[in-house]
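Read off the chains here:
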Amino acid sequence: MKKFKYFLVVFSAFSHLLFGQRKKEMTFSEIRKNYEKMTIDDQDAMPYVRLYIDKAKHEGRYSRLIQGYRDGRQFDLEHKIQYADSALAVSLKYGSHDDISKDHLSKGIIYYFYQKKYKLALDQYLKAYQYSKRSKDQYLHYKVIYHLGVVKEHLGYYDEALGHFKDCAAFYGANLKKKLHDNEQFNYKKAYLNSLHQMTIINRYLRNFSKSDSLSRLGFQLSSKDEDFQLEKGYFLKCMGISKFNKKDYSNAEKDLEGALPLILNRNDLAWASVVYYYLGKISEAQDDQVNALHYYSQIDTIFAQHQIILPEVYNSYYYLIQYYQENDLNKQLYYTNQLLKAESLISKDYPYLSSKLHRDYDRNTLVEEKEHIEKISKRKIRTAKILIISGSIVLGFFVIRFFKDRKVKRQYDLLQKKISERHDSEIEMRVEEEVPEESTRKTSLTPEMTLEIRNKLAKFEKELQFRKKGLTQKGMANQLHTNSHYLSVYINENKGMNFNKYLAELRINYITHMLNTDNKYLHYRIEALADECGIAARQNFSKLFFEINGIRPADYIKQRKQELGLT
């Protein structure tokens, strides 16, 4: 009996402790309160996030588990993609279409923002769009539209991207006026500021400078005094600094850019950091500060070398580095030349895939969905509806064919114009792009002395526009350069990455493209005259080469250029 009483006392004591511990176990909401207001990529949140995930797993709460993985994706910089995969896997098995759409979108954002893997990002965005089409969640819908706009901006389709961002800004701005939960208020304001930022950038690209300045000032005013939006403040400071640089207000431009840089680096946004470095370098150039210019431009190369991140806006910094080291350090000159070639290749390689994928899986599907919607309504009107559908389909078919043809021409023209505008010099000169030969077991018949001699002769040949001579052959050109035809062929193949005919064609087409873009009188030449001007004998051969190299027919290019300049 005594033993039994003793047992009851001990059990009572331990059960009190046991149940007391259970009472203290935190709820999901209590766990999240420890980190939900922390800034993105703050590793201090992760112990609580892991506790949240473990609790969700233990209790079999799949909606909570999805949230836990999303939180991990938000705060764990090194393992974002792993948490994104986990969230998506649980959503696909247990979640709604909205859950799946959100997790595809978030995975795409990681690919785009953190890894610059544009193909993978677009694939995820399009999957998110498919799952969100019938969603009642308008915030999610516009978030998908926003990121598709970012891809269009990356491709250079500025007018279309601007339409996306205007729609997003209107939606997010209208909701800011409503009474919302603190978290919702934060999300809507962040989305609104990001839309304003994108509109600021595109208006600058479109040379709508007053509109761009107005938007950047508005964005800065809305974010400057709010600690939750310091990254956005950095973005608008960056835009204001670039605007002041363009107005030659170098002192204030430098102040804004230096203020933006730590805010952007703190978020690890290396792409926009490289843009800030670029304009700080341009300011240093304008002030004849060679030391700082070299420092800022080399920072861009460090980002590219370590993370493979490079934007079209900044890769002209390599021209300055190449020119500087041409007289100071041949090895560095060759290194930066090779880096420039890699940057150009990286920038251009994703364009065909992204463009065709976006048009096929988004733009065309949007037109088809509109057509199907019209057909569903029309079925109610029997005979009249059938006539309308048939005639409408014919008209729509004609419209779609014409629409895609005209838009393709416009996009190819915009891409070509963008490439031309980003060249280092506006003067007519053909740049010799020498690649650094990779180590290879292949034997070459050229000595270093012969390679240098041919390179210098080709530089003179290009600078003096000798390639405009008609009937130029490899043998004739070798005689003209006082070298051997075989050696010339070997050099061009190994250092230009192409055969003689391709090399000569690119020189001629790049020259005539430059003339069309800088001297309006060439826009009134016949195709035969343009061919003659650059040394190509036949009109048909000229048109074929122009399309192969520029991706647009010469007649279409001239038409688009005249429209842009307002010429008849």
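Quick caveat, the model's predicted, so the values are computed rather than measured.

Q: How do you make sense of unusual backbone geometry when you look at a structure like this?
A: Most peptide bonds are trans, and most residues other than glycine sit at a negative phi. We note that Asp41 has phi near 70 degrees; this positive angle belongs to a residue other than glycine. Among the secondary structure elements, Asp41 is positioned in the loop between α2 (28-33) and α3 (46-59). Given the relative accessible area of 16%, Asp41 is considered buried.

Q: Before we go on, may I ask you to explain the packing of helix α6 (residues 97-114) against helix α8 (residues 138-155) in this structure?
A: Packed helices, taken two at a time, are described by the angle between their axes plus the distance between the axes. Between α6 and α8, whose axes approach to 11 Å, the crossing angle comes to 30 degrees. Classed by the angle they form, the pair α6 and α8 counts as roughly parallel. In this structure, α6 crosses over α8, and the sense of that crossing is left-handed. For the pair α6 and α8, contact is made by Asp98, Ser101, Lys102, Leu105, Ile109 and Tyr112 and by Leu140, Lys143, Val144, His147, Val150, Val151 and His154, respectively. Split by residue class, the contact of α6 with α8 holds seven nonpolar, three polar and three charged.

Q: I'm lost on the pattern of salt bridges in this one. Help?
A: Charged atoms that come close allow side chains of opposite charge to pair. In this structure the tally under the stated criterion is 27 salt bridges. Here Arg61 ties to Glu59 by a salt bridge, and the two come within 3.6 Å at their closest N and O atoms. The shortest N-O distance in the salt bridge between Glu313 and Arg204 comes to 2.9 Å. Note that Glu313 is positioned in the loop between α15 (290-307) and α16 (317-326) and Arg204 in helix α10 (residues 182-205), a separation of 109 residues in sequence. Given a relative accessible area of 13%, Glu313 falls into the buried group. On the basis of relative accessibility, which here comes to 10%, the residue Arg204 falls in the buried class. Salt bridges sharing partners connect three or more residues here, namely Arg70, Arg73, Asp99 and Asp103.

Q: Would you mind showing me how to read helix α5 (residues 80-94) here?
A: An α-helical segment advances 3.6 residues per turn. Residues three or four places apart therefore align on the same side. For α5, which comprises 15 residues, the first-to-last C-alpha distance of 21 Å matches the rise-based estimate of 21 Å (1.5 Å per residue) to within 8%. Among all positions of α5, only Lys80, Ile81, Tyr83, Ala84, Ala87, Leu88, Val90 and Ser91 are buried. The secondary structure elements touched by the buried residues of α5 are α3, α4 (62-75), α6 and α7 (118-132).

Q: What should I look at first to understand the packing of aromatic side chains in this one?
A: Remark: the centre distance and the inter-plane angle together describe each pair of aromatic rings, the angle taken between the planes. Overall, the coordinates contain 30 aromatic pairs when judged by the stated rule. Ring geometry for Phe542 versus Phe546: centroids 5.8 Å apart, planes at 45 degrees, classification tilted. Here Phe546 and Phe542 lie together in helix α25 (residues 539-550), a separation of four residues that amounts to about one turn. Judged on exposure class, the residue Phe542 and its partner Phe546 are both buried. Ring pairing ties together the aromatic residues Phe245, Tyr250, Tyr278, Tyr279, Tyr297 and Tyr320, which thus form one cluster. Cation over ring: Lys55 sits above Phe28, and NZ or CZ is 5.0 Å from the ring centre.

Q: Help me out: how do you make sense of α25 in this one?
A: With twelve residues, α25 extends 16 Å from end C-alpha to end C-alpha; this agrees with the ideal 16 Å at 1.5 Å per step. Of the positions making up α25, those classed as buried are Phe542, Leu545, Phe546 and Asn550. Seen along its axis, α25 keeps its buried residues to an arc of 105 degrees; they face one direction. In α25, the exposed residues that point more than 90 degrees away from the buried face are Gln540 and Lys544.

Q: What's the story with the side chain of Gln198 in this structure? I'm lost.
A: With respect to the helices and strands, the residue Gln198 is situated in helix α10. Excluding anything up to four places from it in sequence, Gln198 contacts Tyr146, Val150, Glu153 and Phe165.

Q: Would you explain the environment of Lys190 in this entry?
A: Structurally, Lys190 can be placed in helix α10. In the structure, Lys190 is positioned 41 residues away from Leu231 in sequence and 10.0 Å away in space, judged by C-alpha atoms. The contacts of Lys190, once residues within four sequence positions are left out, are Phe229, Glu232 and Arg267.

Q: Teacher, can you tell me more about the environment of Lys117 here?
A: Along the polypeptide, Lys117 turns up in the loop between α6 and α7. Residue class for Lys117 comes out partly exposed when judged on its relative accessible area of 41%. When the C-alpha positions of Lys117 and Gln308 are compared, they lie 9.7 Å apart, and in sequence the two are 191 residues distant.

Q: Which parts of the structure should I look at to understand the confidence of the model for the protein chain?
A: Should pLDDT be low for a region, the predicted coordinates there are not to be read in detail. The predicted model of the protein chain averages 82 in pLDDT, with 81% of residues at 70 or higher. Every residue in residues 1-23 scores below 50 in pLDDT, and together they form one contact with partners more than four places removed in sequence or on other chains. In the predicted structure, residues 424-442 sits below a pLDDT of 50 and forms 37 contacts with residues beyond four places in sequence or in another chain.

Q: I keep staring at the nonpolar core and nothing clicks. Help me out?
A: A general trend in soluble globular proteins is that nonpolar side chains are found buried together. If you look at the biggest cluster of nonpolar residues, it comprises 86 residues, and the most contacted ones within it are Tyr172, Ile310 and Tyr318. A per-element tally of this core places helix α14 (residues 270-286) first, with eleven residues. Core analysis: the second largest hydrophobic core is formed by 43 residues, Leu523, Ala531, Ile536 and Phe546 among them.

Basis of the calculations
- Residues numbered from 1 in each chain as written.
- Predicted model: local features only at pLDDT ≥ 70, side-chain atom pairs only at ≥ 80, totals over all residues.
- Heavy atoms only, no water.
- Helix = DSSP H or I, 4+ residues; strand = E, 2+ residues; numbered from the N terminus.
- Buried < 20%, exposed > 50% of the residue type's maximum accessible area, 1.4 Å probe, protein only.
- Axes fitted to C-alpha atoms, helices over the stretch in contact; angles between N-to-C directions.
- Parallel < 35°, antiparallel > 145°, perpendicular 65-115°, else oblique.
- Left-handed = near helix turned anticlockwise from the far one by under 90°.
- Contact = heavy atoms within 4.5 Å.
- Nonpolar A, V, L, I, M, F, W, Y, C, P; charged D, E, K, R; others polar.
- Salt bridge = Lys/Arg side-chain N within 4 Å of Asp/Glu carboxyl O.
- Expected span 1.5 Å × (residues − 1).
- Phe/Tyr/Trp six-rings, centres within 6.5 Å; stacked < 30°, edge-to-face > 60°.
- Lys NZ or Arg CZ within 6 Å of the ring centre and 35° of its normal.
- Arc of directions from axis to C-beta.
- pLDDT = per-residue confidence, 0-100.
- Core = buried A, V, L, I, M, F, W, Y, C linked by side-chain atoms within 4.5 Å.

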